[in-house]
Amino acid sequence: MARTSATAAAGHIVAELGRPETADETAARKAESSRVYRSSQTVRNLVAALLATLAVVAVVIMIVPRGNSTPPPPVDVAAIAQQASTATGQTVVVPHVPTGWRANDAALSGDATSTWTVVYATGTDAGFLRVAQGFGADTAWDARLLSGAAPSGTVTIDGIEWTRYAIGDPSQNANISYAIGTSAGPDRILVYGATDAKTAATAARGLTDQIAALRQEKK
């Protein structure tokens, strides 16, 4: 009995040691157990934090609006043209363009010359195209809108002769790459933009009857 009590008093026998562990060894063992426990807790906390972050991200993704929002309705060029005509007392042209083209803007502006402008996104690699009408304008108006671009010949579209303008570096000229202009009675019509000859000709053909009518009015 005395031997058993002495052994118990000395502490439990560690198998690896074959003897009771010392007080220092006991303290070291407990410290290591605490370290392992804290480490496991840290890992669990990191995993919990990561899962919480992923949950927040998932919620944000679900509530943020997608990029497929409905685009704004197209500009009603005919209605705005009627208002411009009433305001100026002038005949305002409304281009007949393909259904795939989208009018982004239509407005009447004025400084020295009142100008009616419609801006189209043509739905092609050509980019954007403007149709402008300068009331009572001459070819100097063309040059002002085109940053001084000079004529470089003519092109006939649907029986109407248009002046073609030489455009330099588009990056230095509001990205304008092609422009044609013609007279329509007392006015000037300019078709221009980040566009090409084929697209500009499509817009010009959509103006043929109105240009002819304005020329008849002048007579």
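Heads up: these notes are all about the structure in this document. No experiment lies behind these values; they were computed from the predicted model shown.

Observations concerning the environment of A174
Thinking step 1. Relative to the helices and strands, A174 resides in the loop between strand 7 (160-165) and strand 8 (178-184).
Thinking step 2. The exposure class assigned to A174 is exposed, which follows from its relative accessible area of 57%.
Thinking step 3. Considered as a pair, A174 and G193 are 19 residues apart in the sequence and their alpha carbons are 8.5 Å apart.

Structural notes on the packing of aromatic side chains
Thinking step 1. The full count for this structure, using the stated rule, is one aromatic pair.
Thinking step 2. With 5.9 Å between their ring centres and 55° between their planes, W101 and Y120 make a pair best called tilted. Taken as a pair, W101 in the loop between helix 3 (77-88) and strand 3 (102-110) and Y120 in strand 4 (residues 114-121) lie far apart in primary sequence, 19 residues in all. A single burial state applies to W101 and to Y120, both of which are buried.

Some details on the pattern of salt bridges
Thinking step 1. In total, this model carries one salt bridge according to the counting rule given.
Thinking step 2. Where D142 meets R188, a salt bridge forms, and the shortest distance between an N and an O atom there is 2.6 Å. Linking D142 in helix 4 (residues 139-145) with R188 in strand 9 (residues 187-193), this pair joins segments that are 46 residues apart in sequence.
Thinking step 3. Taking the relative accessible area as the measure of exposure, D142 reaches 0% and is therefore buried.
Thinking step 4. Taking relative accessible area as the criterion, R188 reaches 5% and is therefore assigned buried.

Here's the deal with the nonpolar core
When a protein is soluble and globular, its nonpolar side chains tend to lie buried together.
Thinking step 1. Among the nonpolar cores identified, the biggest contains 29 residues, and W116, Y120, L129, W162, I180, V191 and L207 are the most heavily contacted of them.
Thinking step 2. Counting eleven residues, the second largest nonpolar core, distinct from the first, contains A137, A149, L190 and Y192.

Digging into a nonpolar patch on the surface
Thinking step 1. Together, V47, L50, L51 and L54 line one region of the surface with nonpolar side chains, adding up to about 390 Å² of accessible area.
Thinking step 2. Inspection of the secondary structure puts V47 in helix 2 (residues 23-63).

Conventions used here
Residues numbered from 1 in each chain as written. Predicted model: local features only at pLDDT ≥ 70, side-chain atom pairs only at ≥ 80, totals over all residues. Heavy atoms only, no water. Helix = DSSP H or I, 4+ residues; strand = E, 2+ residues; numbered from the N terminus. Buried < 20%, exposed > 50% of the residue type's maximum accessible area, 1.4 Å probe, protein only. Phe/Tyr/Trp six-rings, centres within 6.5 Å; stacked < 30°, edge-to-face > 60°. Salt bridge = Lys/Arg side-chain N within 4 Å of Asp/Glu carboxyl O. Core = buried A, V, L, I, M, F, W, Y, C linked by side-chain atoms within 4.5 Å. Patch = residues over 30% accessible without salt bridge, like charges linked within 9 Å, V, L, I, M, F, W, Y side chains within 5 Å. Areas by Shrake-Rupley, 256 points an atom, 1.4 Å probe, with all protein chains shown as cover.

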